[in-house]
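Given next are the chains, with one letter for each unit.
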Amino acid sequence: MQTVLRTLFTLLGHLPLLALRLLGFLLGQLLIRLPNRYRSITRLHLACCLPDSSHSERSRIERNSLIASAHAIFEAPAIWFGPLTRRRQWIATSDASLQLIRTAHAQGRGVIMLTPHQGAWELASFFCAQVAPLTVLYKPQKGASDAVIRQGRARGAEVTPVPTTGAGVKALLAALKAGNMVGILPDHDTPDTTGTAFAPLFGIPANTMDLVTKLAARSGAPVLYVIAERLPWARGFRFHVLPADAEIADLELGPAALNKGVERCICKLPDQYWWSYRRFRRRPPGEPPFYD
């Protein structure tokens, strides 16, 4: 099964970016037009998280976000198993964003890179790894897809995926101690067993990891958010790097500061955020379910 999946991903990955974007657009149209839970969840999130936006503005973001999510599905094989020369072209840049990472890394304490589920988030790790080796935390998948995706995420670059386990956390600490970088998706609704706290996200209590805060407090590593913006008409990608607030390393204030940074990223490119993810599944004690 692994061989079949890898062959399929490789075939998809070698299609031109314009063809992948077209496939994503067609899938996005189905998500927009047919009743489905992704559309319903996106609509609910936009109403609750962006209540001051007009109905027409939220409808526009809804449509674009569903298409962007479909783009991410078809772009992933190209990022993992497509031609390496093309991927290098996608991440090649000499702009201020890469310089911000270089400056942070030069402090010698490692760097914590946070990539929300936004834009081409699978590409962000390869962009960051141009500066130094990167250890990325990932949630293991079920079945044969896990090994294939893990292989793709490590292919052709100094990127090492580690699972969301105690061993994975130790690997992150070791990487920071060595002066390297670590990558984390900060907007997961993680299991309570991994260490979490409820902190506001757009004013809604969200089950938020405290791992980033603990890593930053223990290592002194600077924390940066990175967004891989998807450019229109298959023109490639643009990268944005945003420094986190200093409070992110505070053991009490850190989770709230983490979510403030996620909000900044979302508001910068709301059309490319993964609004259909059930971010508020876990609720504070006594609170009613957020979803039906």
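Structure first, text after, so check above.
Position labels on residues start from 1 in each chain and follow its written sequence. In view of the model being predicted, local features appear only for residues whose pLDDT reaches at least 70, and side-chain atom pairs are presented and counted only at 80 or more, with totals across whole chains, interfaces and linings using the full set of residues. Excluded from the side-chain calculation are hydrogens and water; included are all heavy atoms of the structure.

## Considerations on the pattern of salt bridges
We define a salt bridge as a contact between a side-chain nitrogen of Lys or Arg and a carboxyl oxygen of Asp or Glu at a distance within 4 Å. According to the stated counting rule, one finds twelve salt bridges in the structure shown. Between Arg 150 and Asp 146 there is a salt bridge, with the nearest N and O atoms lying 2.7 Å from each other. Separated by four residues within a single helix, Arg 150 and Asp 146 lie in helix α8 (residues 145–154), roughly one turn from each other. Its relative accessible area of 32% is what places Arg 150 among the partly exposed residues. Asp 146 sits in the buried class, given a relative accessible area of 13%. In this structure, Asp 189 engages Arg 281 in a salt bridge whose closest nitrogen and oxygen atoms are separated by 3.9 Å. Of this pair, Asp 189 sits in the loop between β4 (181–184) and β5 (196–201) while Arg 281 sits in the segment after α11 (254–268), and the two are 92 residues apart along the sequence. Strands are runs of DSSP state E lasting at least two residues, helices are runs of H or I lasting at least four, and both sets are numbered from the N terminus onward. Relative accessible area decides the class of each residue, using a 1.4 Å probe on protein chains only: under 20% of the type maximum gives buried, over 50% gives exposed, and in between gives partly exposed.

## Some points on empty space enclosed by the protein
Cavity means a closed set of points on a 1 Å grid over the protein atoms alone, one where a 1.4 Å probe fits but cannot get out, pocket means an open set with protein on both sides within 12 Å along at least 5 of 7 lines, and lining means a residue has an atom within 4 Å of a point. Grid points are joined across faces, edges and corners, and a volume is the space filled by probe spheres set on the points. Scanning the model with the defined rule gives one cavity of 30 Å³ or more in all. Taken as a whole, the largest cavity encloses approximately 90 Å³ of empty space. Forming the boundary of the largest cavity are His 45, Cys 49, Leu 201, Phe 202, Ile 266, Tyr 273, Trp 274, Trp 275, Tyr 277, Arg 279 and Phe 280. Lys, Arg, Asp and Glu make up the charged group, whereas Ala, Val, Leu, Ile, Met, Phe, Trp, Tyr, Cys and Pro make up the nonpolar group; the residues left over, Gly among them, are polar. In the lining of the largest cavity, the residues fall into nine nonpolar, one polar and one charged.

## Some thoughts on the pairing of strand β8 (residues 237–243)
A regular strand carries its side chains on alternate faces of the sheet. In terms of residue burial, β8 counts as a mostly covered element, since five of its seven residues are buried. When strand β7 (residues 223–230) meets β8, the two strands line up antiparallel, connected through seven bridges. Bridge pairing links Val 226 to Val 241 in β8. DSSP calls a pair of strands paired once it identifies at least 2 bridges connecting them.

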